Amino acid sequence: ACARLGASLDASPRGVLQLLARVGGRELRALLGASGGMLREQMIDVLESLGLPNSSTRELDTLRMVAKNPGLLCAPPARVAESCEALVAVFQAAPAAFVHVLNRCPSLLTCDAGEILSNYRGLGRLLGLPPPALARLLAAQPRLLRSRAEDVQAKLEALIYEMYMPREQVGAAGSCVCVCVCVCVCV
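Predicted model, so just to flag it, every value in this text is computed and none were measured.

Rules and cut-offs
Residues numbered from 1 in each chain as written. Predicted model: local features only at pLDDT ≥ 70, side-chain atom pairs only at ≥ 80, totals over all residues. Heavy atoms only, no water. Helix = DSSP H or I, 4+ residues; strand = E, 2+ residues; numbered from the N terminus. Buried < 20%, exposed > 50% of the residue type's maximum accessible area, 1.4 Å probe, protein only. Contact = heavy atoms within 4.5 Å. Core = buried A, V, L, I, M, F, W, Y, C linked by side-chain atoms within 4.5 Å. Salt bridge = Lys/Arg side-chain N within 4 Å of Asp/Glu carboxyl O. Patch = residues over 30% accessible without salt bridge, like charges linked within 9 Å, V, L, I, M, F, W, Y side chains within 5 Å. Areas by Shrake-Rupley, 256 points an atom, 1.4 Å probe, with all protein chains shown as cover. Lys, Arg positive; Asp, Glu negative; His and termini not counted. Charge placed at Lys NZ, Arg CZ, Asp CG, Glu CD.

A. The overall build of the protein, seen in detail. From N to C terminus, the protein includes 13 helices and 0 strands. Starting at the N terminus and ending at the C terminus, the protein contains elements arranged as α-α-α-α-α-α-α-α-α-α-α-α-α. By the burial criterion, 45% of the 187 residues in the protein qualify as buried. Restricting the contact set of the protein to residue pairs at least 6 apart, pairs at least 24 apart contribute 72%.

B. Highlighting the nonpolar core. Judged by nonpolar contacts, the single largest core of 43 residues is most densely connected at Leu 87, Phe 91, Leu 109, Leu 134, Leu 138 and Leu 145. Ranked by the residues each element gives to this core, the list is headed by helix α10 (residues 131-140), at 6 residues.

C. Representation of the environment of Ser 12. Tracing the chain through its elements places Ser 12 in the loop between α1 (2-9) and α2 (13-20). For Ser 12, a relative accessible area of 41% gives the class partly exposed. In the structure, Ser 12 is positioned 10 residues away from Cys 2 in sequence and 9.6 Å away in space, judged by C-alpha atoms.

D. The arrangement of the pattern of salt bridges in detail. With the rule as written, the count across this model stands at 2 salt bridges. For Arg 148, the salt bridge is made with Glu 150, and the minimal N-O distance between the two is 3.9 Å. Here Asp 151 and Arg 148 are joined by a salt bridge, their closest N and O atoms 3.3 Å apart. Residue Asp 151 is classed as partly exposed on the basis of its relative accessible area of 35%. Looking at Arg 148, the relative accessible area reads 45%, which means it is partly exposed. In the salt-bridge network here, residues are joined through shared partners; they are Arg 148, Glu 150 and Asp 151.

E. Structural view of a negative patch on the surface. On the surface, Glu 82, Glu 85, Asp 112 and Glu 115 cluster together into a negatively charged patch. Glu 115 sits in the partly exposed class, given a relative accessible area of 39%.

F. Up close: the side chain of Asn 119. Inspection of the secondary structure assignment puts Asn 119 in helix α9 (residues 113-127). For Asn 119, a relative accessible area of 4% translates into the label buried. Not counting chain neighbours up to four residues away, the residues in contact with Asn 119 comprise Leu 145, Arg 146, Ser 147 and Arg 148.

Below, the structure is given as structure tokens:
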């Protein structure tokens, strides 16, 4: 089954084993039971469900995306499409960052679209950044889109407390807040 999966994904046996080690039981059964043609079609469906022109998806490395998030092979295309629409809305201020984010954090394509947008709005309010600056921050740390603003704020408060920083210094230095958020949440 591993050899068949490797052939259908054009991946090495070691790569397939690493991929299979990262999925849950239900996904593992689905992947091992799927035909090679079905998996190739699923990878094409993932790209097509993004609803983007070929020029936008040319730089996407689908095999690498699947290696980072094997759940993409089992994700319903409608959910991927909804998540993609949410990400397009988030990165409309910095369109070049969109493909970079998908390559870096493909798990966002399996997240709930409403959650992505809610987290984006919450981070915008929390950090007080204009959309282009927030998009650049999220391009550097896309995992922030999986974090609720309340969680980011709690971690930021804890970091400020641990660093013995007066709140006035943090409020006055917007870039300090961004750096703290990235360090606090993503490390």
